[in-house]
There are 4 protein chains.
Amino acid sequence: MSVSNGSPFVWHRRVEFCETDAAGIVHFSSFFLYMEQAEHALFRELGTSIFPSDFHHVRELDPPFTWPRVRCECEYLAPVRFEDMLEIRVSVERLGTKSITYSHDIRCSDHRVAQGRIIAVCSSHVHGKLVGCPIPAHMRESLSRYSAPSKDPSA
Amino acid sequence: MSVSNGSPFVWHRRVEFCETDAAGIVHFSSFFLYMEQAEHALFRELGTSIFPSDFHHVRELDPPFTWPRVRCECEYLAPVRFEDMLEIRVSVERLGTKSITYSHDIRCSDHRVAQGRIIAVCSSHVHGKLVGCPIPAHMRESLSRYSAPSKDPSA
Amino acid sequence: MSVSNGSPFVWHRRVEFCETDAAGIVHFSSFFLYMEQAEHALFRELGTSIFPSDFHHVRELDPPFTWPRVRCECEYLAPVRFEDMLEIRVSVERLGTKSITYSHDIRCSDHRVAQGRIIAVCSSHVHGKLVGCPIPAHMRESLSRYSAPSKDPSA
Amino acid sequence: MSVSNGSPFVWHRRVEFCETDAAGIVHFSSFFLYMEQAEHALFRELGTSIFPSDFHHVRELDPPFTWPRVRCECEYLAPVRFEDMLEIRVSVERLGTKSITYSHDIRCSDHRVAQGRIIAVCSSHVHGKLVGCPIPAHMRESLSRYSAPSKDPSA
């Protein structure tokens, strides 16, 4: 499998007041919301939803995928404040058989303010338990569009 | 049915940092979390849970109750800050056939800082839709223990 | 002062996953975030910010205004779910000397899903205390653009 | 400086409903709130506060410390649900000159459900900018009480 030279998915998001804290800056946990929301926007861009609205109704019959996180991290480089406009660049750093590693580059006014990473596992409900399952071929192809250039997505 | 002379359910909760905002005080929406968490603690005090952990698994067979809110309100009397210890007093202001009206008196250092109200409707999933249903007799009896003295719970 | 026949400020907002709860729908407290965020977007539309980023630095010299809430309420008409696109219509229901009452009409797919109201008081820090102060004339004029037609903003 | 054989600070926290999401489990970002709240409880245990309530008033005269995060991470081992009682064990993994690395072991019913880490830097406001500064001696001594046994706190 050849290395994809994808470019990141770019999403913009304004900092809301409820995401700040008494120190006057955005609460560190809010960055994980920004990263997740950018991932969900990426899924919409691919014409699908990371969590279909009929999830609980169909899950015993035609189990939809869900993507529980197994690991996440964030490095904070500069504080951001209310109404700052953030640019979140999501890349697929690694596309495993069942897991996906997203890398998030968060910028504000052309400065990098945070760098994050989320690892999620493609899963499905089987007899009431979450079980990892291979990422479907068509989804792998879609997601590889955003593969980071320097990484081997087949690793 | 005689009027119950119940006393409020009292619950204590410390303000957490993530509940503050850049103005240096608790975000106004956080008070609804305090009210709801006190209500859930009240249900635990009654030996039950407002949302059993097997909710989505059993809901087609033995539909559990759920309590969607139809109305809520809060009046803010004084700001509260990080690490303030709040006392939330929950009273059942009205116990209708299907609905319950909670009244919340929120205090900090013996001063009233907020006064809230939440109306929830006893509901169940029927064919994928939420439908209001009568509050079961045993639950009415339990909840009436916290009826506000000056109100007629049979109204 | 003549009655303004303003039209509401309209703002769109997609429901994010972190705003839902285990019942599968948007948590009731999230509607207050939508209302507040629409209000802040309205201030940006007026060319200002409800909370300038230098707030804590300048507040002793040139005290900026802040708008603590004194009351808020919400009536819930229908549940909303992840990725629903909401339309929030903000009207100025009443413009008092020091206070403003916003009315929020929240819609999803042309149905009204919630109806809210927030009352905020124009305030400033004086010797470390929040004190209500008259809404400046230029701001009154700007805000009256969104006055609800059937209300008298001079009341 | 000898290696401290501290034991972790243990804190208990019940999962609240607003911390769950439509997948029926606790949202991954909520674990960072649990970690931070345990850290703040640790500071209270030491007789101090991580964010004194007069922070913004005194900061130009007698600048208090603040602890912005420079990095955090979490590994998720098992889902947790509404009303689960969590045990958060906080250890000081590393105590640098200006920075502190906390390690968080999060358990539920005697099973480890998550493992986290937060790195914060002792900072102060100097001319409106956040600047790192050495952790005061008395605080170093207090914090070393919770040093992880296998780590050298002087590193």
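Definitions and cut-offs
Residues numbered from 1 in each chain as written. Chains lettered and ligands numbered in written order. Predicted model: local features only at pLDDT ≥ 70, side-chain atom pairs only at ≥ 80, totals over all residues. Heavy atoms only, no water. Helix = DSSP H or I, 4+ residues; strand = E, 2+ residues; numbered from the N terminus. Buried < 20%, exposed > 50% of the residue type's maximum accessible area, 1.4 Å probe, protein only. Contact = heavy atoms within 4.5 Å. Areas by Shrake-Rupley, 256 points an atom, 1.4 Å probe, with all protein chains shown as cover. Core = buried A, V, L, I, M, F, W, Y, C linked by side-chain atoms within 4.5 Å. Salt bridge = Lys/Arg side-chain N within 4 Å of Asp/Glu carboxyl O. Polar contact = N/O pair within 3.5 Å; in protein donor to acceptor, adjacent residues only side chain to side chain. Pairing = 2+ DSSP bridges. Least-squares fit on C-alpha atoms with pLDDT ≥ 70 in both. Axes fitted to C-alpha atoms, helices over the stretch in contact; angles between N-to-C directions. Expected span 1.5 Å × (residues − 1). Buried area = accessible area lost by both parts, 1.4 Å probe. Nonpolar A, V, L, I, M, F, W, Y, C, P; charged D, E, K, R; others polar.

### Structural notes on the overall build of chain A
Check the secondary structure of chain A and you find three helices and seven strands. Overall, chain A shows an N-to-C arrangement of helices and strands of β-α-α-β-β-β-β-β-β-α. Evaluated residue by residue, chain A yields a buried proportion of 57% over its 155 residues. Intrachain contacts of chain A at a sequence separation of at least 6 include 66% that bridge at least 24 residues. For chain A, the computed accessible surface area is about 6,500 Å², with 50% contributed by carbon and sulfur atoms.

### Examining the nonpolar core
Residues B:Phe31 and C:Phe31 are the most contacted members of the largest nonpolar core, which totals 90 residues. In contact with C:Phe31, other than residues within four places in its own chain, are C:Val26, C:Cys74, C:Tyr76, C:Val80, C:Ile106, C:Val113 and C:Ala114. The next biggest cluster of nonpolar side chains, apart from the first, holds 88 residues, and it includes A:Val92, A:Cys108, D:Phe28 and D:Ala120.

### What about the interface of chain D and chain A?
The partner chain A presents 19 residues to the 19 residues of chain D that form the contact. There are two salt bridges connecting chain D and chain A. For D:Arg71, the salt bridge identified is with A:Glu73, shortest N-O distance 3.6 Å. Seen at the junction of chain D and chain A, the total is six residue pairs in polar contact (both at pLDDT 80 or more). Every element with two or more residues in the side of chain D that touches chain A is listed here: helix 1 (30-45) and strand 2 (69-76) of chain D. At eight residues, strand 2 of chain D tops the list of elements feeding residues into the side of chain D that touches chain A. Of the strand pairs in this sheet, strand 2 (residues 69-76) of chain A and strand 2 of chain D are connected by five bridges, and their pairing is antiparallel. Considered in strand 2 of chain D, the bridge of A:Cys72 is made with D:Cys74.

### Describing the relation of the copies chain D and chain A
The transformation that overlays chain D on chain A combines an axial shift of 0.0 Å with a rotation of 180 degrees, and the residual RMSD is 0.0 Å. One copy is carried onto the other by what is essentially a two-fold rotation axis. In terms of C-alpha distance to the rotation axis, chain D has D:Glu73 as its closest residue, with the C-alpha 2.0 Å off the axis. An overlap of 100% is found between the interface residues of chain D and their copies at the interface of chain A, pointing to a shared contact surface.

### Focus on the pattern of salt bridges
Overall, the coordinates contain 44 salt bridges over all chains when judged by the stated rule. Residue A:Arg44 is joined to C:Glu83 by a salt bridge in which the shortest nitrogen-to-oxygen separation is 2.9 Å. Taken as a pair, A:Arg44 in helix 1 (residues 30-45) and C:Glu83 in the loop between strand 2 (69-76) and strand 3 (85-95) lie in two separate chains rather than in one. Within this structure, A:Arg71, A:Glu73, A:Glu93, A:Arg117, D:Arg71, D:Glu73, D:Glu93 and D:Arg117 form a network of salt bridges that share partners.

### A closer look at the environment of C:Ile25
With respect to the helices, strands and loops of the structure, C:Ile25 is situated in the loop between strand 1 (9-14) and helix 1 (30-45). With sequence-adjacent residues up to four places away left out, C:Ile25 is seen in contact with C:Glu19, C:Thr20, C:Pro79, C:Val80 and C:Arg81.

### A closer look at the pairing of strand 1 (residues 9-14) of chain B
Residues and elements named next belong to chain B. Going residue by residue along strand 1, you find Phe9, Trp11 and Arg13 tucked away on one face and Val10, His12 and Arg14 left uncovered on the opposite face. As paired strands, strand 1 and strand 3 (residues 85-95) are joined by six bridges and run antiparallel to one another. The residue of strand 3 that forms the bridge with valine 10 is arginine 89.

### Considerations on the sheet that holds strand 1 of chain C
Taken in spatial order, the 10 strands line up as 1(B)-3(B)-4(B)-5(B)-2(B)-2(C)-5(C)-4(C)-3(C)-1(C) in an open sheet, and their pairing is antiparallel. Each of the sheet's edge strands pairs with one partner strand only, and the pair in question is strand 1 of chain B together with strand 1 of chain C. Direction aside, neighbouring strands of the sheet carry axes that sit 20 degrees apart on average. Strand direction decides the pairing type here: strand 2 of chain C and strand 5 (residues 111-121) of chain C, joined by seven bridges, are antiparallel.

### Regarding helix 1 of chain D
Residues and elements named next belong to chain D. In this model, helix 1 (16 residues) spans 23 Å end to end at C-alpha, consistent with the 22 Å of a helix rising 1.5 Å per residue. A large share of helix 1 lies buried, amounting to 14 of its 16 residues. At the exit of helix 1 stands glycine 47, carrying a positive phi of roughly 85 degrees.

### A few points about the interface of chain B and chain D
At the junction of the two partners, chain B supplies 17 residues and chain D supplies 17 residues. Summed over both partners, the interface of chain B with chain D buries about 1,700 Å², with 57% contributed by carbon and sulfur atoms. Counting across the interface, chain B meets chain D through two salt bridges. Our enumeration of links across chain B and chain D arrives at four residue pairs in polar contact (both at pLDDT 80 or more). Of all the secondary structure elements, the ones that give two or more residues to the side of chain B that touches chain D are strand 1 and helix 1 (30-45) of chain B. Considering each element in turn, the side of chain B that touches chain D owes the most residues, five residues, to helix 1 of chain B. The class makeup of the residues in the side of chain B that touches chain D is seven nonpolar, four polar and six charged.

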